[in-house]
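# Fold and contact review
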Amino acid sequence: GEVTVDDFRVQGLSPTLIRVEPRGPLGYENRTTFAVVNRSWGDLELAVVNRSEEGAWISGEHYEVFVGSQLAPVVPSPTCASPAALDAEGNNRVAAFPGGINATGMQQCCDACEADASCVGWVFGAQEKTKFSDVPGANCWPLARFSALSPSTTRKFACSSRGCQVARLPTVKVVVDGAVVYDSTADKRRSPNLLHWPSPTTQPAYALTDFPRFHVPEWATAPAPGTVDPHLAKTNGYDFSNNVNGDTYIFLLGSTTGQWRSSREEFLHLCGQVPLLPDYAYGTWFTWWHPYTQDDAEAEVKRWTSDGLPLDIWGLDMNWRNTTDHEDWFYNYPASQLFPNYTNWFSFLKSQGLRTYFNDHPYPVAGRGAGGLQTSPEEIKFRWEGLTQWMDEGLTFWWFDHNWGFSIPAPMENSTAPEVTSSYWDGLSNGAWGTHVYYSNVDQYNTQVREKKGDKFYGRTMTLTKAFLPDWVAGMEPVGMQENPAQHRYPVWWTGDRVTLEASVQTMVNAGVHDLKPFLHSDCGGDYRGPAGDYLRWAAQCVYGSILRFHGDDHRPWTYTEEVEGTIRGLLQTRYKLLPSLIAAGAKATQTGEPYVARCDLHWPEHAPASASWDQYLFLDDFLVAPIFNTTHNASSRTVWIPPGTWEDAYSGEEVVGPRTVEARQPYERIPLWHRRGGAVVSAGEALRVEDQDWSQLAVDV
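For the structure given in this document, a descriptive report is provided here.

Procedures and definitions
Residues numbered from 1 in each chain as written. Predicted model: local features only at pLDDT ≥ 70, side-chain atom pairs only at ≥ 80, totals over all residues. Heavy atoms only, no water. Helix = DSSP H or I, 4+ residues; strand = E, 2+ residues; numbered from the N terminus. Rg over C-alpha atoms; globule rule 2.2 N^0.38 Å. Buried < 20%, exposed > 50% of the residue type's maximum accessible area, 1.4 Å probe, protein only. Contact = heavy atoms within 4.5 Å. Areas by Shrake-Rupley, 256 points an atom, 1.4 Å probe, with all protein chains shown as cover. Lys, Arg positive; Asp, Glu negative; His and termini not counted. Charge placed at Lys NZ, Arg CZ, Asp CG, Glu CD. Pairing = 2+ DSSP bridges. Core = buried A, V, L, I, M, F, W, Y, C linked by side-chain atoms within 4.5 Å. Phe/Tyr/Trp six-rings, centres within 6.5 Å; stacked < 30°, edge-to-face > 60°. Salt bridge = Lys/Arg side-chain N within 4 Å of Asp/Glu carboxyl O. Polar contact = N/O pair within 3.5 Å; in protein donor to acceptor, adjacent residues only side chain to side chain. Axes fitted to C-alpha atoms, helices over the stretch in contact; angles between N-to-C directions. Disulfide = S-S within 2.5 Å. Right-handed = clockwise from strand over helix to strand, strands pointing away. Parallel < 35°, antiparallel > 145°, perpendicular 65-115°, else oblique. Nonpolar A, V, L, I, M, F, W, Y, C, P; charged D, E, K, R; others polar. Expected span 1.5 Å × (residues − 1).

## Some details on the overall build of the protein
- Tallying secondary structure elements over the protein gives ten helices and 36 strands in all.
- Against the 2.2 N^0.38 benchmark of 27 Å for 702 residues, the protein shows a C-alpha radius of gyration of 27 Å, consistent with a compact globule.
- C-alpha atoms of the protein, sized along the principal axes, occupy 85 × 65 × 45 Å.
- Counting across all 702 residues of the protein, residues that qualify as buried make up 58%.
- Counting only contacts in the protein whose residues sit at least 6 apart along the sequence, the fraction spanning at least 24 positions is 72%.
- For the protein, the exposed area adds up to about 26,600 Å²; of that, 50% sits on carbon and sulfur atoms.
- Distance between charge centres in the protein, computed from 55 positive and 83 negative side chains, equals 1 Å.

This is the structure in structure tokens:
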């Protein structure tokens, strides 16, 4: 059910989810958007029960919603004959002129507005920032709505003869059982359009804004078919014309952990589930930024096998192609002096049962004057052909590496300078946009090519992309990890360069709570070659973590001592034995948002702040893991909060009953670890590849 109040629509999507939407330039939006992919719930009846100058009360069976008055007349109203030195903020352009007008003067701008019944006013003057959607030389923008006016020395503003009103975002209150559970005036977040889900039972409601709001075609970043709407051909079918700020979804979180979890499932229904990973993603990954030759790489892969070290993905960093003279702007300059025959290389990996990927730090075609920006036909064609030509050869997937001296910008932004790495469009970062570009290209290729061939070797779609723009530093506030709510649909994610072991655990654990990214992880081993003890601490944490991906410096196990390699072998075999439970837990995470690396307050919020610490976590529900961050001393200690219940030390068998705090002391080769009494884990036998593991007989360990 829905009702409209002035220029706003209120929808009761479910008993615990409300949408408050401002009218866009094309009206109210019922299509899917970049962030929102499903609004299909049963209808709930709503009705306006009280209306006054202050606003309107809307009532339903489960809640009451107050929408405050948002329209205020502009007094005095600037006219065509006497425009004011003002600029309009938070504006929506009329549908007829989404790219503005190259007008000969203010009178032509005024006439265009007067001729359009949806136009309330216009802005004339200099372009302060070039937008992809602007026509060449645009200097006039007829507006369908705006939220504020500000002084300007370069622009003029006037209302249409029909008059105009400032359309502010309204005050919104939600009342449940007589209590106010949400009040927009008390919501002081700077970026309500970025996802940062609250901790369990810490607040009764959470609001998320779909902005920037645009429609994504079903083919996404693959070249558009010939049937695309001619008006959308220049943006490959992406439709940015009904963008509006303030399209807000209010989740009622309740007061219990169960209600909190139900709201997370509603978020996944609304914004899409995290896709299932291919099974091999739960095995061991390895890359090293190193100028491998083809012979060296093949010998190294064989060494993993001969040494009995489980491995499923072996990839190449940026060294797969030449980087001099801007050759890394393109895809057809492979490092043939190192790998003379990539076709043979991919065939070799496939014969070994391994998947592989390349690093890509993309340069936009607009930056070299070869086309338009992110959704232009030129950029779409270049990126699609460049990425898929290597998948034709046998590449499994791609790594979108935001961390370089340049990158593709966010859509609608003209950030094309050679040294631009990060950019934003209304809060949508180029990191989040890039995850969409790379995941969509790989997914479309898998659908259009591999599935039609019946080729199942490459499995479900997956890419490796940056989780957020900063390279994480231990102690940074978790809210700094927030990104567009669409990004959780494009796994897997890494946390950047030079991330420490402590920062690795912090981001992995907090991502499961606030970002709904269960496959977030860091470069295992770090961007340095540490001593053996440091390497062992890292490896143990990664084995009992989300994704196990060695990367950075030389983290080959055999380059340390035989004893160290033996310890690493045992750790990797432990992870592979847990694969049945890992894969099942990964599937559960995609459906429910419940991470298999879980902060303890997801289960015991009543024991916060002890249970809300990120420096320990539950793994597969029944393992308590507490990494030691001191890598300079062999036998090191730390305090650990033991949750309620009986927990058995994984090494000594000693039992401890929680809740309580204990001191744990372990050498390099052991990570503090406990098993929950009464818990169970399903395990399988040893294997060097995920797909080679025999699941005909499984063990249930209790």
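Here the narrative resumes.
## Digging into the environment of Ala684
- Residue position: Ala684 is located in the loop between strand E35 (681–683) and strand E36 (699–701).
- Sequence separation between Ala684 and Trp695 is eleven residues, and the spatial gap between their C-alpha atoms is 6.4 Å.

## Re the environment of Ala626
- With respect to the helices and strands, the residue Ala626 is situated in the loop between strand E31 (623–625) and strand E32 (636–649).
- The sequence separation of Ala626 and Gln616 amounts to ten residues, and the corresponding C-alpha distance is 4.4 Å.
- Apart from residues no more than four positions distant in its own chain, Ala626 is found in contact with Asp615, Gln616, Arg638, Val640, Ile671, Pro672 and Trp674.

## What about the sheet that holds strand E11 (residues 140–145)?
- Strand order in the open sheet formed by four strands is E9-E11-E10-E13, with antiparallel pairing between adjacent strands. Edge strands, defined here as strands with exactly one partner in the open sheet, are strand E9 (92–93) and strand E13 (155–159).
- Pairing geometry for strand E10 (residues 121–125) and E11, over four bridges, is antiparallel. Looking at E11, one finds that Trp122 is bridged to Pro142.

## Looking at the nonpolar core
- Residues Trp314, Trp345, Trp398, Tyr596 and Phe619 are the most contacted members of the largest nonpolar core, which totals 116 residues.
- Once residues within four sequence positions are removed from consideration, Trp345 is found in contact with Gln294, Ala297, Glu298, Val301, Trp314, Leu316 and Phe339.

## Observations regarding the packing of aromatic side chains
- Tallied over the entire structure, the rule returns 61 aromatic pairs.
- Ring centres of Phe400 and Tyr438 lie 5.0 Å apart, and the angle between their planes is 15°; this geometry places the pair in the stacked category. With Phe400 in strand E22 (residues 397–400) and Tyr438 in helix H6 (residues 430–453), this residue pair connects regions lying 38 residues apart in the sequence. Taken as a pair, Phe400 and Tyr438 share a single burial class, namely buried.

## Some words on the pattern of salt bridges
- What the rule picks out here adds up to 33 salt bridges.
- Residue Asp621 pairs with Lys588 through a salt bridge whose shortest N-O separation is 3.9 Å. In this pair, Asp621 sits in the loop between strand E30 (617–619) and E31 while Lys588 sits in helix H10 (residues 579–592), placing the two residues 33 residues apart along the sequence.
- A residue is classified by how much of its surface remains accessible, and Asp621, at 28% relative accessible area, is partly exposed.

## Quick word on the side chain of Arg489
- The residue Arg489 is located in the loop between strand E25 (465–466) and strand E26 (493–494) in this model.
- Among buried charged residues, Arg489 stands out as having no salt bridge; its nearest opposite-charge side chain is Asp210, 8.8 Å away.
- There is a polar contact of 3.1 Å between the side chain of Arg489 and the side chain of Tyr490.
- Ignoring anything within four residues of it in the chain, the contact list for Arg489 reads Phe34, Ala35, Val37, Cys271, Gly272, Gln273, Pro275 and Tyr439.

## Here we look at unusual backbone geometry
- Note that the residue after Phe211, namely Pro212, is joined by a cis bond; omega there is -5°.
- As for its placement among the helices and strands, Pro212 is situated in the loop between strand E17 (205–209) and strand E18 (248–252).
- Cis geometry marks the peptide bond from Gly658 to Pro659; its omega dihedral reads 10°.
- Relative to the helices and strands, Pro659 is located in strand E33 (residues 655–666).
- For Asn236, which is not a glycine, the phi torsion comes out positive at approximately 60°.
- With a phi angle near 50°, Asp426 is a residue other than glycine that sits in the positive phi range.
- Relative to the elements of secondary structure, Asp426 occurs in the loop between strand E23 (424–425) and strand E24 (428–429).
- Asp426 sits in the partly exposed class, given a relative accessible area of 36%.

## Section: the sheet that holds strand E2 (residues 8–14)
- Strand order across the open sheet formed by five strands is E1-E2-E3-E18-E17, with antiparallel pairing between neighbours. If you trace the sheet from one side to the other, it starts and ends with strand E1 (2–5) and E17, each paired once. Taken over all neighbouring pairs, the strand axes of this sheet differ in orientation by 20° on average, direction set aside.
- Against the sheet, helix H2 (residues 257–271) contacts E2, strand E3 (17–22), E17 and E18, and its axis sits at roughly 150° relative to E18.

## Focus: the state of the cysteines
- Taken as a whole and judged by the stated rule, the model has five disulfides.
- At a sulfur-sulfur separation of 1.6 Å, the disulfide partner of Cys80 is Cys110. Between Cys80 and Cys110 the sulfur-sulfur dihedral comes to about 85°; the bridge is accordingly right-handed. Separated by 30 residues along the polypeptide, Cys80 in the loop between strand E7 (71–73) and strand E8 (86–89) and Cys110 in helix H1 (residues 106–114) bring together distant segments of the chain.
- Judged by its relative accessible area of 25%, Cys80 is partly exposed.
- Using a relative accessible area of 4% as the deciding quantity, one classes Cys110 as buried.

## Some remarks on the pairing of strand E21 (residues 357–360)
- Of the two faces of E21, the one lined by Tyr357 and Asn359 and the one lined by Phe358 and Asp360 are each fully buried.
- Pairing geometry for E21 and E22, over four bridges, is parallel. Along E22, the bridge assignment pairs Asn359 with Trp399.
- Viewed along the sheet, the connection from E21 through helix H5 (residues 377–393) into E22 turns out right-handed.

## Let's talk about the packing of helix H9 (residues 562–577) against H10
- Close contact between H9 and H10 brings their axes to 5 Å; oriented N to C, the two are set at 55°. The orientation of H9 with respect to H10, classified from their angle, is oblique. Within the contact between the two elements, H9 uses Arg575, Tyr576 and Lys577 and H10 uses Leu579, Pro580 and Leu582.
- Across the contact of H9 with H10, the residue classes tally to four nonpolar, no polar and two charged.

## Considerations on helix H8 (residues 532–543)
- Look at H8: 16 Å from first C-alpha to last across twelve residues, which is about the 16 Å you get at 1.5 Å a residue.
- A large share of H8 lies buried, amounting to eleven of its twelve residues.
- For H8, the complete set of buried residues consists of Gly533, Asp534, Tyr535, Leu536, Arg537, Trp538, Ala539, Ala540, Gln541, Cys542 and Val543.
- Buried-residue contacts for H8 involve helix H7 (501–514), strand E28 (548–550), H9, E30, E32 and E33.

In short, geometric facts, not functional conclusions.
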